[in-house]
Amino acid sequence: MDAKAYRWLINELDKWRVPVDLLELRKRGPEVFDALVEILEQGQLSARQRANALRALSDLCMKRGALLERSTALERIAKTLVVGDEQELREVAARVLVHQFWRQEYHAELRQLLSAEELKSLLDRAEALGLSDEARDYIWSSFNRDSARRRFHIRHAANADGMTLEDIRRAAFEPVFASFRSLLGDEIYELAQAKQDAVQADMLRGLIAPDSGWDVFVAVVQLHVVGFVAVKVDPETLIGEIGLNAVHPAHAGHGVGTRLYEYALGHMKRAGARVATVATGGDASHAAARRAYEKAGFHAAIPSVWLCRLL
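## Here's the deal with the overall build of the protein
Point 1. Scanning the protein from N- to C-terminus turns up 13 helices and five strands.
Point 2. Taken over C-alpha atoms, the radius of gyration comes to 26 Å for the protein, far larger than the 19 Å a tight globule of 311 residues would show.
Point 3. Principal-axis analysis of the C-alpha atoms gives the protein an extent of 85 × 40 × 40 Å.
Point 4. If you take every contact in the protein between residues at least 6 apart in sequence, the share linking residues at least 24 apart comes to 65%.
Point 5. Of the accessible surface of the protein, which amounts to about 17300 Å², a share of 53% is contributed by carbon and sulfur atoms.
Point 6. Each charge sign in the protein was given a centre, from 41 positive and 43 negative side chains, and these centres are 2 Å apart.

Here it is in structure tokens:
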């Protein structure tokens, strides 16, 4: 960064309780982030300048690429400042660390940077050194909320979830497809059912596509996606439909499916649906799914039997 740009940056950081011009910072490119890190680590700034620099770094971390490199640098600095001598810096650094902790949920490459245990230890030390009531309430309420979300929560599926959802689908439906083969016999299964089972992976990819018309929600336990459900509401008929869904067998029997279905039903109601539908198999491999649907309130049913024979 040239001398003129450096002077401009210091002037921005010297503003008293006025937000740094973040839009201008972003326009100046990634070298601004590097310059902020360098001058923060040199320790030649006032507490006010360092607090503004830390806020700017947090914003730039969100807006530009190189997530892992920038987040690593930001957390290294924030971990130092959160237990430093300046109260204002401790409060800003604590807020930044809690926010970074939250961001890890959505970026797999960041998840090892800051554990809940390490963050709690840092926040405890920062509080012991003195935080304002406002900062303390914000920091601990945010940390507790994010920690709770990490134990179990449901969110929209993201493109980055694709491979994980496929792993869950494959593991969950393997015994179902084996049941179909057993019921039909090898020859009929290969002729009548195998192709349909094989294209289920393509169906899943289509469901999470932006223009699919479906909403796909995932269940997250301790930062790991363990199940999913696809939901669609027809705005004309006001019929809501639960489509392809699965819970990884390692997490079956713990209520994940039921909570996904309850969430799906709530989504349907908010979208104006008047009735909810779901289709499932009547064979033994679908018994757990039927119980979960019934637990979610699906009781009215039209039994169906699919019959096959060789020609």
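## Thoughts on the environment of Ala-230
Point 1. The residue Ala-230 is located in strand E3 (residues 224-234) in this model.
Point 2. Sequence separation of Ala-230 and Ala-53 is 177 residues, and the distance between their C-alpha atoms is 43 Å.
Point 3. Non-local contacts of Ala-230, meaning those with residues more than four positions away in its chain, are made with Leu-207, Trp-214, Asp-215, Val-216, Glu-241, Ile-242, Gly-243 and Leu-244.

## Here's the deal with the pattern of salt bridges
Point 1. In the structure shown here, the tally under the stated rule is eleven salt bridges.
Point 2. Three or more residues are tied together by salt bridges with common partners; here these are Glu-166, Asp-167, Arg-169 and Arg-170.

## Details of helix H10 (residues 186-198)
Point 1. Taking 1.5 Å as the rise per residue, H10 with 13 residues should run 18 Å; its terminal C-alpha atoms sit only 15 Å apart, a clear shortfall.
Point 2. The axis of H10 is deflected most strongly, by about 50°, at Ala-192.
Point 3. For H10, every residue scored as buried is listed here: Ile-188, Tyr-189, Gln-193, Ala-194 and Asp-197.
Point 4. As for H10, its buried residues are in contact with helix H9 (162-184) and helix H11 (200-207).

## Some points on the side chain of Asp-146
Point 1. Here Asp-146 shows up in helix H8 (residues 133-151).
Point 2. The contacts of Asp-146, once residues within four sequence positions are left out, are Val-98, Phe-101 and Trp-102.

## What to know about the packing of aromatic side chains
Point 1. Applying the stated rule across the entire model yields seven aromatic pairs.
Point 2. With a centroid separation of 5.1 Å and 65° between ring planes, the pair formed by Phe-217 and Tyr-263 is classed as edge-to-face. One end of the pair, Phe-217, is in strand E2 (residues 215-221); the other, Tyr-263, is in helix H12 (residues 256-270), with 46 residues separating them in the sequence.
Point 3. What links up through ring pairs into an aromatic cluster is the set Phe-101, Trp-140 and Phe-143.
Point 4. One cation-aromatic arrangement involves Arg-95 over Tyr-138; the distance from NZ or CZ to the ring centre is 4.3 Å.
Point 5. Seen from the ring of Tyr-263, Arg-270 lies directly overhead, with NZ or CZ sitting 5.9 Å from the centre.

Cut-offs applied
- Residues numbered from 1 in each chain as written.
- Predicted model: local features only at pLDDT ≥ 70, side-chain atom pairs only at ≥ 80, totals over all residues.
- Heavy atoms only, no water.
- Helix = DSSP H or I, 4+ residues; strand = E, 2+ residues; numbered from the N terminus.
- Rg over C-alpha atoms; globule rule 2.2 N^0.38 Å.
- Contact = heavy atoms within 4.5 Å.
- Areas by Shrake-Rupley, 256 points an atom, 1.4 Å probe, with all protein chains shown as cover.
- Lys, Arg positive; Asp, Glu negative; His and termini not counted.
- Charge placed at Lys NZ, Arg CZ, Asp CG, Glu CD.
- Salt bridge = Lys/Arg side-chain N within 4 Å of Asp/Glu carboxyl O.
- Expected span 1.5 Å × (residues − 1).
- Bend = angle between axes of the 7 residues up to and from the residue.
- Buried < 20%, exposed > 50% of the residue type's maximum accessible area, 1.4 Å probe, protein only.
- Phe/Tyr/Trp six-rings, centres within 6.5 Å; stacked < 30°, edge-to-face > 60°.
- Lys NZ or Arg CZ within 6 Å of the ring centre and 35° of its normal.

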